[in-house]
Amino acid sequence: QVMLDESGGGSVQAGDSLRLSCVASLHTFSSYFVGWFRQAPGEELEFIAAINGIGSSTYSSDSVKGRFTISRDNAKNTVYLQMNGLKPEDTAMYHCGAGTFNTCSDYRCANFRMYYYWGQGIQVTVSS
């Protein structure tokens, strides 16, 4: 089911910033781990970052660490991905997913198969 809605994407220049939002139409939103993934044309889905239900723990990939920050506001049923210092290689379709698991043991939250609900995705394009 499509229970998540991404927004905030677009076309920017290298070095610019964007903040993606993932708004969930889910009950008890704080029960869900939420992750961000991206996929460039012809490539596999890539884990970007994840956050646990209450926002006390975050996880991110080496490719974006130090540039991207995941956060959530459960009062707004929203998870954010703040993207700073964007690079052309960040160009991709970005997806958020939500799963009912509550730990990232063995980095399970980096596996897209752990997520049950997904948004349709939103395009981010970074030009040189």
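Before reading on, note that the structure itself is shown above.
To start, this report covers the structure provided alongside it. In this text the structure is predicted, and so the values were computed from the model without any measurement. (Residues numbered from 1 in each chain as written. Predicted model: local features only at pLDDT ≥ 70, side-chain atom pairs only at ≥ 80, totals over all residues. Heavy atoms only, no water.)

## Observations concerning the environment of V124
Consideration 1: With respect to the helices and strands, V124 occurs in strand β11 (residues 122-127).
Consideration 2: Residues V124 and L4 lie 120 residues apart in sequence; the distance between their C-alpha atoms is 17 Å.
Consideration 3: In this structure V124 touches G9, G10, L18, L20, M83, D90, T91, A92 and Y94, once residues within four positions along its chain are discounted. (Helix = DSSP H or I, 4+ residues; strand = E, 2+ residues; numbered from the N terminus. Contact = heavy atoms within 4.5 Å.)

## Digging into the state of the cysteines
Consideration 1: Counted by the stated rule, this structure contains 2 disulfides.
Consideration 2: Residue pairing for C22: its cysteine sulfur links by disulfide to C96, the two sulfurs lying 2.1 Å apart. Taking the torsion about the sulfur-sulfur bond, which here is approximately 75 degrees, the covalent link between C22 and C96 counts as right-handed. Of this pair, C22 sits in strand β3 (residues 18-24) while C96 sits in strand β9 (residues 92-99), placing them 74 residues apart in sequence.
Consideration 3: Residue C22 is classed as buried on the basis of its relative accessible area of 1%. (Disulfide = S-S within 2.5 Å. Buried < 20%, exposed > 50% of the residue type's maximum accessible area, 1.4 Å probe, protein only.)

## So, the sheet that holds β3
Consideration 1: Taken in spatial order, the 4 strands line up as β1-β3-β8-β7 in an open sheet, and their pairing is antiparallel. The open sheet is flanked by β1 (4-7) and β7 (68-73), the only strands paired with a single partner. In this sheet, adjacent strand axes meet at a mean angle of 15 degrees when their direction is disregarded.
Consideration 2: Where β7 meets strand β8 (residues 78-83), 6 bridges bridge the pair, whose relative direction is antiparallel. By the bridge assignment, R72 is partnered in β8 with V79. (Pairing = 2+ DSSP bridges. Axes fitted to C-alpha atoms, helices over the stretch in contact; angles between N-to-C directions.)

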